[in-house]
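Tertiary structure, described
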Amino acid sequence: MHRYRHQRRCLRARIGGATHHQDLTMQLNVETLSFINGGQALVLALMLWYGTHDGSPHALNGLRLRAAALLLEAVAAFLLAGSQWVPPHVLLLVGNTCNLAGQALTVVALRMLLKRPLRWRTALLLGVAGWLGVTWLSTAHPNYLLRVMFGSIIIACNTGLNIQALWGGCRKRETRAQCLLLWTYFLSIALLIWRNGSLLILSTPPQGISTPSPVNVIYVLMLGIQPLLASVGFLLLYNEILQRELYELARIDPLTGVINRLGLLEASQVLLEQARAKQESIGVLLIDADHFKSINDRFGHDDGDRVLLELVANIRCMLRGGDMVGRVGGEEFLVLSPSVKAPDLLALAERIRSAIERTSFHIAGQAYALTVSIGAAIAEAHEPDMMAARRRADVALYDAKRAGRNCVMIAAQ
Ligand SMILES: Nc1nc2c(ncn2[C@@H]2O[C@H](COP(=O)(O)OP(=O)(O)OP(=O)(O)O)[C@@H](O)[C@H]2O)c(=O)[nH]1
């Protein structure tokens with residue numbers, strides 16, 4: 001019992017002591033940690049490459065580039081792990097080439113995912129400058145401390161490029177993934193400052209990354225955590241991009257690029273809430289192309305599609321800033337115009353009708369005149385939704401068609 005208490009006292013003393021901290025880090029060696037880091041980077045690269053196959057090209061290519069960067073980082077880490085067997089100049093030159101190329105690829109990959117300017121020339125320039133500087137400081141003018149400082153400046157510049165790309169999105173609180181990545185890169189900068197500061201302060205700093213020293217061990221340990229965090233950030237970002245694309249796909253009409261029924265339904269709810277707050281009404285226009293079937297029959301469906309595109313462009317030109325247009329059917333479009341009363345709505349409808357009447361639609365090299373019929377209605381702020389106003393506009397449109405087409409009819413309230 002007495003021996004047991006004595007052992008516990010000794011253990012507590014060792015844990016509390018500064019020497020224990022050193023012992024612990026010395027037990028972990030740089031080679032073993034690098035081997036683990038290399039394996040982890042390899043697994044992450046395979047996961048990013050094979051685990052993702054949907055989405056737009058910019059999202060997929062961005063992830064593939066990041067996977068390639070991880071592969072390069074894995075090569076560098078495995079070289080360091082085998083430093084006993086690898087000649088020092090191979091370790092330095094090949095290892096640094098892989099690390100610098102990996103960083104440059106990551107800069108481009110992140111910007112590709114975020115749809116920001118790629119800055120690939122800057123990344124390439126930093127990579128070349130970094131490689132030349134590190135090579136010079138290890139062969140012509142060997143100086144480990146200067147080499148670490150120079151390498152850190154290059155890493156900080158690449159990290160700065162990543163932070164700059166992420167900053168806007170994170171400030172607007174657009175995405176959690178961007179915030180996670182931003183914090184990962186801040187951590188990376190903090191690690192660089194700590195490493196350089198420690199090397200400057202130490203009376204006998206290590207003379208190489210493989211030298212057994214607590215600074216090296218902690219640095220390599222933290223170096224392994226960063227790709228993990230960054231890869232989780234990249235995957236979350238990819239997921240957010242996919243979700244956004246699916247959201248838009250469900251609400252945007254693929255032919256004309258305007259919102260579809262679902263988009264209109266959601267937009268109309270928002271507009272109605274705003275209208276209630278201001279006690280204003282919303283104008284509803286139902287626009288239908290006249291005799292559109294004859295265009296398809298004469299020129300074919302593809303030319304008919306082109307006419308629909310031109311028709312939408314013409315309607316859009318006539319709208320004010322807050323107005324919205326969506327496609328509700330084949331050649332039928334709905335315009336929502338907030339804060340208008342019946343006379344203004346009629347004037348808007350008439351402007352759209354006459355603009356389309358005056359437009360020459362170009363089909364198969366020929367100019368073709370197209371007209372539209374428009375049904376107008378006013379949705380009052382007290383109405384529970386836009387459905388009743390939409391029905392009134394539908395009846396008015398039917399009246400316009402019956403009145404001979406190419407005219408505007410407004411529904412009675
Ligand atoms: N090219 C093309 N045509 C479409 C599309 N959607 C619907 N249409 C066509 O639009 C035409 C609508 O025909 P109808 O409903 O008879 O209407 P209309 O010929 O315009 O006659 P009125 O509305 O009575 O003036 C049909 O020929 C549909 O095939 C589309 O996305 N592209």
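Sequence order as written defines residue numbering, which begins from 1 separately in each chain. In keeping with the model being predicted, local features are shown solely for residues with a pLDDT of at least 70 and side-chain atom pairs are shown and tallied solely at 80 or more, while totals for entire chains, interfaces and linings include all residues. No hydrogens and no water enter the side-chain calculation; it runs on all heavy atoms of the structure.

**Side note on the overall build of the chain**
- For the purposes of this entry, the term helix denotes a DSSP run of H or I that reaches at least four residues, the term strand denotes a run of E that reaches at least two, and both are numbered from the N terminus. When you go through the chain residue by residue, the secondary structure sums to 14 helices and seven strands.
- Rg of the C-alpha trace for the chain: 33 Å, well past the compact-globule value of 22 Å for 413 residues, more than 25% over.
- Counting only C-alpha atoms, the chain reaches 100 × 60 × 30 Å along its principal axes.
- Per-residue burial for the chain yields a buried fraction of 46% across its 413 residues.
- Whether two residues touch is decided by their heavy atoms; if any such pair falls within 4.5 Å, the residues are in contact. At a minimum sequence separation of 6, the contacts of the chain that also span at least 24 residues come to 71%.
- Computed with a 1.4 Å probe, the accessible areas rest on the Shrake-Rupley method; for each residue, only the protein chains presented here act as cover. As displayed, the chain has an accessible area near 21700 Å², and 64% of this comes from carbon and sulfur atoms. Two things to know: the radius of gyration comes from C-alpha atoms, and the globule rule equals 2.2 Å times the number of residues to the power 0.38. For every residue, the accessible area obtained with a 1.4 Å probe (protein chains only) is divided by the maximum for its type, and the residue is called buried under 20%, exposed over 50%, and partly exposed between those limits.

**Some thoughts on the pairing of strand β4 (residues 360-363)**
- Burial along β4 is one-sided: F361 and I363 are buried, and none of S360 and H362, which face the opposite way, are.
- Pairing between two strands is assigned when DSSP locates at least 2 bridges connecting them. Where β4 and strand β5 (residues 366-369) come together, four bridges link them in antiparallel fashion. Paired with S360 across the bridge in β5 is A369.
- Hairpin connection of β4 to β5: two residues between the antiparallel strands, including A364 at a positive phi of 45°.

**Details of the site of the ligand**
- Among the 17 residues in the neighbourhood of the ligand, the closest are listed as H291, F292, N296, D305 and R327.
- Interatomic distance of 2.7 Å between a side-chain N/O atom of R327 and an oxygen atom of the ligand.
- A total of 670 Å² of accessible area belongs to the ligand in isolation, and the protein chains cover 68% of it.
- The set of elements that each furnish at least two residues to the shell around the ligand consists of β1 (282-289), α11 (292-299) and α12 (301-318).
- A total of four residues in the shell around the ligand trace back to one element, the largest contributor, which is α12.
- Only Asp, Glu, Lys and Arg are considered charged, only Ala, Val, Leu, Ile, Met, Phe, Trp, Tyr, Cys and Pro nonpolar, and every remaining residue, Gly among them, polar. Taken together, the residues of the shell around the ligand break down into four nonpolar, five polar and eight charged. Any residue with a heavy atom positioned within 4 Å of a molecule or strand is treated as near that molecule or strand. Each polar contact in these results corresponds to two N or O atoms within 3.5 Å; when the atoms are within protein, one needs to be able to donate a hydrogen and the other to accept it, and residues that are neighboring in sequence are counted only if both atoms are side-chain atoms.

**A look at the sheet that holds strand β2 (residues 324-329)**
- The mixed open sheet is built from five strands, whose spatial order is β2-β3-β1-β6-β7. Looking at the sheet topology across the chains shown, the edges are occupied by β2 and β7 (408-410). Strand after strand, the sheet turns through a mean of 20° between neighbouring axes, direction not considered.
- Here strand β6 (residues 372-379) runs beside β7; their pairing, made up of three bridges, is parallel. Counted as the bridge partner of I374 is V408 from β7.
- To get an axis, a line is fitted to the C-alpha atoms, and for a helix only the part in contact is used. The angle between two axes follows their N-to-C directions and goes from 0 to 180 degrees. Along the sheet, α12 makes contact with β1, β2, β3 (332-338) and β6, crossing β3 at roughly 15°.

**What about the domain arrangement of the chain?**
- For the chain, the assigned domains are domain 1 (2-251) and domain 2 (261-410).
- On a C-alpha basis, the centroid separation for the pair domain 1 and domain 2 is 55 Å. Residue ranges assigned to the domains are those given by an automatic or database domain assignment.

**Section: the pattern of salt bridges**
- Salt bridge, as used here: a side-chain nitrogen of Lys or Arg that lies within 4 Å of a carboxyl oxygen of Asp or Glu. Using the criterion set out here, one finds 13 salt bridges in the structure.
- The partner of D288 in a salt bridge is K401, with the nearest N and O atoms 2.7 Å apart. With D288 in strand β1 and K401 in helix α14 (residues 387-402), this pair connects stretches of sequence that are 113 residues apart. Exposure class is identical for D288 and K401. Each is buried.
- Residue D399 is joined to R402 by a salt bridge in which the shortest nitrogen-to-oxygen separation is 3.9 Å. One end of the pair is D399 and the other is R402, both in helix α14 and three residues apart, which spans about a single turn.
- A relative accessible area of 32% means that D399 is categorised as partly exposed.
- Connected through salt bridges with shared partners, the residues D288, D290 and K401 form a single ionic network.

**Quick notes on the UniProt feature "transmembrane region" (unreviewed entry) in the chain**
- UniProt positions are given in the numbering used here, feature names are shortened, and annotations may be inferred rather than shown by experiment. Here the UniProt feature "transmembrane region" (unreviewed entry) sits at residues 33-51, 89-110, 122-138, 144-167, 179-197 and 217-238.
- Between the first and last C-alpha atoms of residues 33-51 the distance is 26 Å; the span itself is 95% helix and 0% strand.
- Within the segment residues 89-110, helix and strand shares are 100% and 0% respectively, and the terminal C-alpha atoms sit 31 Å apart.

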